[in-house]
Amino acid sequence: MDMEKRASAMSKGSGTQSIERAARILREIASFSVHGLRLSDLSTQLKLERPTIHRILGCLVREGLVMQHPQTRRYLLGHGLYELGLTAATQFKLQAICE
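About the criteria used
- Residues numbered from 1 in each chain as written.
- Predicted model: local features only at pLDDT ≥ 70, side-chain atom pairs only at ≥ 80, totals over all residues.
- Heavy atoms only, no water.
- Axes fitted to C-alpha atoms, helices over the stretch in contact; angles between N-to-C directions.
- Helix = DSSP H or I, 4+ residues; strand = E, 2+ residues; numbered from the N terminus.
- Parallel < 35°, antiparallel > 145°, perpendicular 65-115°, else oblique.
- Contact = heavy atoms within 4.5 Å.
- Nonpolar A, V, L, I, M, F, W, Y, C, P; charged D, E, K, R; others polar.
- Salt bridge = Lys/Arg side-chain N within 4 Å of Asp/Glu carboxyl O.
- Buried < 20%, exposed > 50% of the residue type's maximum accessible area, 1.4 Å probe, protein only.
- Expected span 1.5 Å × (residues − 1).
- Arc of directions from axis to C-beta.
- Polar contact = N/O pair within 3.5 Å; in protein donor to acceptor, adjacent residues only side chain to side chain.
- Left-handed = near helix turned anticlockwise from the far one by under 90°.

With respect to the packing of helix α2 (residues 17-31) against helix α4 (residues 50-62)
Between α2 and α4, whose axes approach to 10 Å, the crossing angle comes to 80°. The angle between the axes of α2 and α4 places the two elements in the roughly perpendicular class. Facing α2, whose interface residues are Ser18, Arg21, Ala22, Ile25, Leu26 and Ile29, α4 presents Thr52, Ile53, Ile56, Leu57 and Leu60. Classifying every residue of the contact of α2 with α4 by side-chain character gives 8 nonpolar, 2 polar and 1 charged.

Structure follows, in structure tokens:
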């Protein structure tokens, strides 16, 4: 059994499959952050069913972690992730590293 199948089997048993899928979706959107991604793009690239991705995206949009551009309907990272990043930045002491 390859690593991806083993991880998938473990996540199904532990109840974390949705969290892992949401993280994969966020990473994929982040890699196309300038232009965003369509639902069909995410489905193709992540090899997940469109209804599954749509359901997870709906939750991520409600939480402010993802937003959907009103004209293009593409998904982009949301303000909530920016806020989390700002909060997390203090623990990495980037300013001290750069000095």
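There's plenty left to go through after this.
Some thoughts on the pattern of salt bridges
The tally for this structure, following the rule as stated, stands at 2 salt bridges. Across the salt bridge formed by aspartate 41 and arginine 38, the nearest N and O atoms sit 2.8 Å from each other. Looking at arginine 38, the relative accessible area reads 39%, which means it is partly exposed. The shortest N-O distance in the salt bridge between arginine 74 and aspartate 41 comes to 3.8 Å. Of this pair, arginine 74 sits in the loop between β1 (66-68) and β2 (75-77) while aspartate 41 sits in helix α3 (residues 39-46), and the two are 33 residues apart along the sequence. Taking relative accessible area as the criterion, arginine 74 reaches 27% and is therefore assigned partly exposed. One salt-bridge network, held together by shared partners, links Arg38, Asp41 and Arg74.

Things to note about unusual backbone geometry
Backbone geometry at lysine 47 places phi at a positive 55°, although glycine is not the residue there. Position of lysine 47 relative to the elements: it lies in the loop between α3 and α4.

Thoughts on α2
Helix length check: α2, at 15 residues, gives a terminal C-alpha distance of 21 Å against a target of 21 Å (1.5 Å per residue), a fit within 8%. If you check which residues of α2 are buried, you get Ala22, Ile25, Leu26, Glu28 and Ile29. In a view along the axis of α2, the buried residues occupy a sector of 165°, so they form one face of it. Away from the buried face of α2 by more than 90 degrees, exposed residues Ile19, Arg27 and Ser31 are located. Lining the buried residues of α2 we find α3, α4, β1, β2 and α5 (79-92).

Here we look at the side chain of aspartate 41
In this structure aspartate 41 comes out as buried when scored by relative accessible area, which is 16%. A polar atom in the side chain of aspartate 41 sits 2.8 Å from the side chain of arginine 38.

Notes on the packing of α3 against α4
Any two packed helices are characterised by how steeply their axes cross, that is the angle between the axes, and by the distance between the axes. The N-to-C vectors of α3 and α4 enclose an angle of 120°; their axes lie 9 Å apart at closest approach. The element α3 and its partner α4 pack so that their crossing is right-handed. Counted together, Leu39, Ser40, Leu42 and Ser43 of α3 and Arg50, Ile53, His54 and Leu57 of α4 form the full contact between these two elements. For the contact of α3 with α4, a count of residues per class yields 4 nonpolar, 3 polar and 1 charged.

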